[in-house]
Amino acid sequence: MKVLLYIILIFLTICSCSNNRKSKVYEVFAVDTKRCDAITDFFDEYIIIPLETTEDNIIGNIDKISITDEYMYILDKQQAMIFVFDKAGRYINKIAHQGRALGEYQSISDFAVSCSYLYCLSRINKKIFVYDFNAAFVRSCNLNDWYSSFCVVNDSLMYLFSDENNEQYFNYVLYNYNTQQIIKKIDPFEHNQNYSLGYSPFHFTNDKIFVTEQYDETLYLLDDNGKQTFCLFDFKPLKKVAPSEKKMPREKLYDKIRNMEMLRNIKGVDLSDSVLTLGYSVYCNDVGIRDFVTRINLSTRQNKTIRLNDSVFPEFPFLFNILGFQNGQSVSYIPAALAIELDERYGLHLCDKYKMNESDNPLIVLHKFK
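Residues numbered from 1 in each chain as written. Predicted model: local features only at pLDDT ≥ 70, side-chain atom pairs only at ≥ 80, totals over all residues. Heavy atoms only, no water.

**Q** So, the overall build of the chain: which residues are in play, and what are the values?
**A** Broken down by element type, the chain carries five helices and 25 strands. Over its C-alpha atoms the chain spans a radius of gyration of 23 Å, differing by no more than 12% from the 21 Å that the globule rule assigns to 370 residues. Dimensions of the chain along its principal axes, counting C-alpha atoms only, are 90 × 55 × 40 Å. In the chain, buried positions account for 48% of the 370 residues. A separation threshold of at least 6 residues defines the contact pool for the chain, and within that pool the share at least 24 residues apart is 49%. For the chain, the computed accessible surface area is about 18,600 Å², with 49% contributed by carbon and sulfur atoms. Put simply, the chain has 41 plus and 47 minus side-chain charges, and the middle of one group is 8 Å from the middle of the other. (Helix = DSSP H or I, 4+ residues; strand = E, 2+ residues; numbered from the N terminus. Rg over C-alpha atoms; globule rule 2.2 N^0.38 Å. Buried < 20%, exposed > 50% of the residue type's maximum accessible area, 1.4 Å probe, protein only. Contact = heavy atoms within 4.5 Å. Areas by Shrake-Rupley, 256 points an atom, 1.4 Å probe, with all protein chains shown as cover. Lys, Arg positive; Asp, Glu negative; His and termini not counted. Charge placed at Lys NZ, Arg CZ, Asp CG, Glu CD.)

The structure is reproduced here in structure tokens:
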């Protein structure tokens, strides 16, 4: 009898633990996208870095910027090049090895800078190409499938992201790029979408790796335990993608929601002193795609929100085209012609200081969070 009671007790304990896991409640932060708080509640200063323009470094489009202590690395996917500038905007060199020979790639899907090397992901080649800071080829790492973006964790490990678009049926894998072995597979999915949106889900902040995904109002933490929900957002009054819709073929889903007022993606995350700052894109019925910035105090739950690009902020006239957040600041760029127009409108005298021309490369603008 005692043995039977003991077995029943163990069974009830297991069921209770299982139910607790299933019913775990995460913090949900309501965000009113109709708010219009003061821009000075978000930023307190900005830095403009005009990029030197030469015949060898004409930038067509900026898809990603990575900033280290010494240099800025700028990806132009259309040209399949990565341009390197110092922190003052002086041109240093470029990675321009498109081709089919040893050390050459067919395209650049993503890149990262780590441990004195520059890593280039080519989805088409199923390879990571490694170059030194002189743009010389060092080696390549073979991948077992197609991946659209990645992030380097340390001197041996990186996470690869498939965007539900390969035959491994795992959205993330932890990969040892020295031994060229997969260490862990994370976040399984059922169907190969055969369609990639070409974005990066990774955000480095406060010694953590967060990930955010298209049309998803969830902030996830990626660590040794896998992909875990960190918190949820309720963007009001935006529509949401239903769980059943997320299982639709990607192209059909896009066609269904492309004119709906809803979140497109969270493209910037910063966590500092219990303040979480988000940069995200929303389709708005009145104007189309707009960027938003929201700051949430995780302790008090108070938050502030502002929509960008409706008009020019006199205090921060160069706040355009946010690509992401790095080191407690937003990273954006502005075409030289537009910068010159704003310079004249607000009497900033930058043209005299930097000798800018309308045909010059874009200007990098860093806005420091308040």
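**Q** Account for the pairing of strand β11 (residues 149-152), naming residues and giving values.
**A** On β11, burial covers both faces: Ser149 and Cys151 on one face and Phe150 and Val152 on the other are all buried. Bridge analysis of β11 against strand β12 (residues 157-161) gives four bridges, and the strand direction is antiparallel. Note that in β12 the partner of valine 152 across the bridge is methionine 158. Adjacent in sequence and paired antiparallel, β11 and β12 are bridged by four residues. (Pairing = 2+ DSSP bridges.)

**Q** I'd love a proper account of the pairing of strand β25 (residues 363-369), names of residues and values included.
**A** Of all seven residues that make up β25, six are buried, and the element is covered over most of its length. Summarising the sheet, strand β2 (residues 43-50) and β25 pair through seven bridges and their orientation is antiparallel. Along β25, the bridge assignment pairs proline 50 with leucine 363. As paired strands, strand β24 (residues 329-334) and β25 are joined by six bridges and run antiparallel to one another. Counterpart to serine 332 in the pairing with β25 is valine 365.

**Q** So what's going on with the environment of aspartate 37? Residues and values would help.
**A** Secondary-structure assignment places aspartate 37 in the loop between β1 (28-32) and β2. Residues aspartate 37 and threonine 294 lie 257 residues apart in sequence; the distance between their C-alpha atoms is 9.6 Å. Contacts of aspartate 37, omitting those with residues within four sequence positions, involve Phe42, Lys304, Thr305 and Ile306. In this structure the side chain of aspartate 37 is engaged in a polar contact, spanning 2.7 Å, whose partner is the side chain of arginine 35. Within the structure, aspartate 37 has its side chain in polar contact with the backbone nitrogen of threonine 305 (distance 2.9 Å). (Polar contact = N/O pair within 3.5 Å; in protein donor to acceptor, adjacent residues only side chain to side chain.)

Note that all results are geometric; they support no functional claim without further evidence.
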